[in-house]
Amino acid sequence: MQRPVIKEKYRTERSAELALAVDITANSIATVFYDLALERRFARAVLVGETITPETAARELPRLVEESLAEFSIKATAVKRVGIAAPVHIETSSECAFKAGNLGLGETCEVMYVPYISAGISGRFTASLLTLPTEGDWTVADFGGSLCLAHRTGGELHCAAFELAGAFDGSALESGIPAENGAIEVVRRQNDATIAYEVAGDCDSIGISPCGALTVAAEMQRSGILDSDGIMTDRDHFFIGEDFYISQNDVRAIQTDKARTAAAFELLDGFSSDASMFFSGEPFSNPAGFRALLELGAIPKRYKGASFCRNSTEQGIISFLEDESVRARAFELVRIVKDYSRENLLKFDKNYLKNLNF
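Residues numbered from 1 in each chain as written. Predicted model: local features only at pLDDT ≥ 70, side-chain atom pairs only at ≥ 80, totals over all residues. Heavy atoms only, no water.

At their nearest, the axes of helix α5 (residues 248–266) and helix α9 (residues 345–354) sit 8 Å apart, and the two run at 130° to each other. With respect to their mutual orientation, α5 and α9 come out oblique. Where α5 crosses over α9, the handedness of that crossing is right-handed. Contacts from Thr 256, Ala 259, Arg 260, Ala 263, Ala 264 and Glu 266 of α5 reach α9 at Phe 348, Asn 351, Tyr 352 and Lys 354. Partitioned by chemical class, the residues of the contact of α5 with α9 number five nonpolar, two polar and three charged. (Axes fitted to C-alpha atoms, helices over the stretch in contact; angles between N-to-C directions. Helix = DSSP H or I, 4+ residues; strand = E, 2+ residues; numbered from the N terminus. Parallel < 35°, antiparallel > 145°, perpendicular 65-115°, else oblique. Left-handed = near helix turned anticlockwise from the far one by under 90°. Contact = heavy atoms within 4.5 Å. Nonpolar A, V, L, I, M, F, W, Y, C, P; charged D, E, K, R; others polar.)

What follows is the structure, given as structure tokens:
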């Protein structure tokens, strides 16, 4: 069965020089058409509701590009460059499938990959790093299928990645989808105790975003529906409207990812401050998600003043496509970065166990 594609056109006018930024995650493929001459985004299309493997990526990305070209009235020859950021196993398995001809684009179109840092840290995180200041000290955390951390101090760049259970990218939630149009994004209890929710794009709901799931977990904890062990005390499902719910299995995934992120942040003690902390990922599609992470204990309170956005990867890919110097910077980052994941695994595991309770 073909999954639906969510399309959005931002402008009516464009030039004949476009770039295509492709962001591939565990459960989505997003394509952004960027106007190189006018220096602005033109349109975007995203596939959700699919588990992305090398095989599905090789099948679905050409379909997504073909549908988008038709929908947005773009000639294939107008796309001059394609930049791809993907999980490492997809990138290394799909380099032949993602040639310009296989994507339905002109023969002269250049296809480039944002370089990955290690087997556990993909080009998606490299792209995120390209959005950060080139000077000064900073710390960044990207929430996805894994938690990727990097901090720059005194000109040195260190990074780490710790695998998550899938609550923070939606892949482990029974009705989970990325925070695209149609995703339930915020859930709250009103004064009369009824449950209200907001849907991204103000349209019919098609699933629950990680941000929405986190606001439910925070509300359940606040209302006594969720005990400190992560058990739903008086029900098996927390319904949101008639069609969607948060299950006990969803809560377990949130509990696991909450504990793992809290454990990872303990490794950063002494490295960062509010002014230099940046977050990105699906939980940050709405400020309510950030507040829920603070309330649940996934993020330390000392980071309450940090900056955040839903997706820094797409902008990083665009910068990579726009500027040759940014491409050089990406390869330089990969060369100089020091990955401390392995050497901290034992401490991380100990931190994880003590952070399991809500």
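There's plenty left to go through after this.
This part covers unusual backbone geometry. In this structure, Glu 39 takes a positive phi of about 55° despite not being glycine. Relative to the elements of secondary structure, Glu 39 occurs in the loop between β3 (28–35) and β4 (40–48). One non-glycine residue, Asp 202, lies in positive phi territory at about 50°. Mapped onto the fold, Asp 202 is located in the loop between β11 (195–199) and β12 (207–208). On the basis of relative accessibility, which here comes to 75%, the residue Asp 202 falls in the exposed class. (Buried < 20%, exposed > 50% of the residue type's maximum accessible area, 1.4 Å probe, protein only.)

Inspection of the secondary structure assignment puts Gln 255 in helix α5. Among the polar contacts listed, one links the side chain of Gln 255 to the backbone oxygen of Leu 356, at a separation of 3.1 Å. Not counting chain neighbours up to four residues away, the residues in contact with Gln 255 comprise Asp 229, Gly 230, Leu 356 and Phe 358. (Polar contact = N/O pair within 3.5 Å; in protein donor to acceptor, adjacent residues only side chain to side chain.)

For α5, which comprises 19 residues, the first-to-last C-alpha distance of 27 Å matches the rise-based estimate of 27 Å (1.5 Å per residue) to within 8%. For α5, the tally of buried residues reaches 14 of 19 residues, placing the bulk of the element in the interior. Regarding α5, its N-cap is Ser 247, as a side-chain oxygen of that residue lies 3.3 Å from the backbone nitrogen of Asn 249 further along. (Expected span 1.5 Å × (residues − 1).)

To continue, consider the pattern of salt bridges. Considering all chains together, one arrives at 19 salt bridges under this definition. A salt bridge links Glu 219 to Arg 189; its shortest N-O distance comes to 3.0 Å. You can see Glu 219 sitting in helix α4 (residues 210–223) and its partner Arg 189 sitting in strand β10 (residues 183–189), a full 30 residues away along the chain. For Arg 335, the salt bridge goes to Glu 332, with nearest N and O atoms at 2.7 Å. With Arg 335 and Glu 332 both in helix α8 (residues 324–336) and three residues apart, the pair spans about one turn of that helix. By relative accessible area, which is 60% here, Arg 335 ends up exposed. Classification of Glu 332 as partly exposed rests on a relative accessible area of 34%. (Salt bridge = Lys/Arg side-chain N within 4 Å of Asp/Glu carboxyl O.)

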